[in-house]
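For reference, the chains in residue letters:
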There are 2 protein chains.
Amino acid sequence: MSASTVQFWFDFASTYSYPAAMRLEAEAKARGVDVVWRAILLGPIFAAQGLKDAPFRVFPQKGRYMQRDLERICAALHLPFQLPAPFPQNSLLCGRIAHALDGEARVRFVKSVYALEFGEGRTISDPLIAAEALRRADLDPSFVEKAKEDEVKAALRAATEEAQSAGVFGAPAFTTKDGELFWGNDRLEDALNWAVQGKL
Amino acid sequence: MSASTVQFWFDFASTYSYPAAMRLEAEAKARGVDVVWRAILLGPIFAAQGLKDAPFRVFPQKGRYMQRDLERICAALHLPFQLPAPFPQNSLLCGRIAHALDGEARVRFVKSVYALEFGEGRTISDPLIAAEALRRADLDPSFVEKAKEDEVKAALRAATEEAQSAGVFGAPAFTTKDGELFWGNDRLEDALNWAVQGKL
């Protein structure tokens with residue numbers, strides 16, 4: 001593990017995690033930072049804050065803004081964007097599959113899922129869509145079955161608990177070795193810079 | 001009024017409005033954008049969303065993050081930062097005074113208030129501190145009395161209502177002539193760029 005490592009915490013249900021996941025590899029490589037991609041579930045994290053639903057549904061005005069904000073951000077990045085139906089998506093299946101994969105394979109799968117979900121508006125809780133994400137990531141589509149394994153289920157729960165312990169309250173989030181927390185696609189560069197130089 | 005005009009909506013109680021106010025003139029000038037500085041009150045805007053208090057107090061974990069985030073942002077900008085006590089501050093007096101001033105005088109006053117509040121941790125609801133902000137902005141400290149005028153009180157209320165009509169749900173916020181809304185210090189450059197070129 002290099003001296004500069006960042007933990008990237010994401011939930012497949014999280015909208016702003018989509019542009020972050022698509023941008024992260026290039027930005028990290030440019031700075032020589034290693035990234036550990038950690039799928040989590042925001043449900044328990046929101047519930048612990050007393051939120052009964054995703055913040056953009058509790059605050060619909062903010063939800064409408066978020067959608068327009070993402071349209072503008074994705075347009076600038078030349079990324080297709082459409083909200084899937086239903087929205088938000090149930091991210092449990094793909095979150096588990098992510099934990100059944102390692103390293104580069106996990107990264108390819110995560111990006112395939114986000115591209116299907118927010119680029120094409122697909123329903124990622126559907127095992128056929130999850131299998132398609134695996135296929136597009138040059139992985140065995142039968143890996144969908146791994147989501148049923150107790151070890152994999154436990155890994156997703158453990159990552160979520162670790163995120164909470166690190167202070168994560170939303171996604172995407174980034175944490176550095178020296179304990180700094182950065183929240184949002186907007187803080188991706190800041191988190192990577194901090195990992196290298198201890199400042200923004 | 002130039003073709004490129006941005007409305008800048010801020011509340012003196014808003015933390016992220018502090019770096020935005022300090023950065024705005026230089027960034028706008030660099031792009032040839034005219035900015036209209038509009039003091040508002042977030043209280044009624046939060047209440048309309050069903051929030052009983054400032055979001056960072058309703059969600060204390062987010063509040064702690066916000067403080068650290070601002071420390072990092074202000075350090076990078078070489079701006080002093082300290083939270084005033086009590087926090088958040090009552091922004092009514094200074095919000096009214098801002099509406100009693102125009103153009104450059106208003107901008108100088110706004111920046112003086114933010115510097116006292118978040119740079120030095122002063123209590124801006126104190127008329128003596130408001131008078132000091134006027135003095136530092138090369139304005140007559142007796143302008144504090146203007147806050148008592150009905151016309152000035154009405155102007156702050158009207159600006160708040162206009163912000164709500166424009167979809168503003170938090171501060172700082174920026175709106176462009178073509179109806180785009182941008183929220184947060186993080187979107188300052190995007191808002192100005194949009195005003196010039198219709199994209200980020």
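Before reading on, note that the structure itself is shown above.
In this report, the structure presented in the accompanying data block is examined. Nothing here was measured: the structure is a model prediction, and the numbers come from that model.

Cut-off values and rules
- Residues numbered from 1 in each chain as written.
- Chains lettered and ligands numbered in written order.
- Predicted model: local features only at pLDDT ≥ 70, side-chain atom pairs only at ≥ 80, totals over all residues.
- Heavy atoms only, no water.
- Helix = DSSP H or I, 4+ residues; strand = E, 2+ residues; numbered from the N terminus.
- Buried < 20%, exposed > 50% of the residue type's maximum accessible area, 1.4 Å probe, protein only.
- Contact = heavy atoms within 4.5 Å.
- Salt bridge = Lys/Arg side-chain N within 4 Å of Asp/Glu carboxyl O.
- Axes fitted to C-alpha atoms, helices over the stretch in contact; angles between N-to-C directions.
- Parallel < 35°, antiparallel > 145°, perpendicular 65-115°, else oblique.
- Left-handed = near helix turned anticlockwise from the far one by under 90°.
- Nonpolar A, V, L, I, M, F, W, Y, C, P; charged D, E, K, R; others polar.
- Expected span 1.5 Å × (residues − 1).

## Let's talk about the side chain of T160(B)
All names here are of chain B.
Step number 1: One can find T160 in helix 8 (residues 150-165).
Step number 2: Judged by relative accessible area, which is 5%, T160 ranks as buried.
Step number 3: If we skip the residues at most four places from it in the chain, T160 touches I40, L41, P44 and I45.

## A closer look at the pattern of salt bridges
Step number 1: Evaluation of the coordinates by the stated rule reveals 32 salt bridges over all chains.
Step number 2: Close ionic contact of E120(A) with R122(A) constitutes a salt bridge, the shortest N to O distance being 3.5 Å.

## A few points about the packing of helix 6 (residues 103-120) of chain B against helix 7 (residues 127-136) of chain B
Residues and elements named next belong to chain B.
Step number 1: In the contact formed by helix 6 and helix 7, the axes pass within 8 Å of each other and the chain directions differ by 125 degrees. As judged from the angle between their axes, helix 6 and helix 7 are oblique. Viewed along their axes, helix 6 and helix 7 form a crossing whose handedness is right-handed. Contact with helix 6, carried on its side by F109, S112, V113, L116 and E120, involves I129, A130, E132, A133, L134 and R136 of helix 7 and no other residues of that element.
Step number 2: Along the lines of polarity and charge, the residues of the contact of helix 6 with helix 7 split into seven nonpolar, one polar and three charged.

## As for helix 4 (residues 60-76) of chain A
Step number 1: Relative to the 24 Å expected for 17 residues at 1.5 Å per residue, helix 4 of chain A spans 25 Å between its end C-alpha atoms, a close match to the ideal helical length.
Step number 2: Burial in helix 4 of chain A covers these residues: G63(A), Y65(A), M66(A), D69(A), L70(A), R72(A), I73(A) and C74(A).
Step number 3: Its buried side turned inward, helix 4 of chain A meets helix 1 (17-31) and helix 3 (55-58) of chain A together with strand 4 (181-183) and helix 9 (188-197) of chain B.
Step number 4: Backbone geometry just after helix 4 of chain A places H78(A) at a positive phi near 55 degrees.

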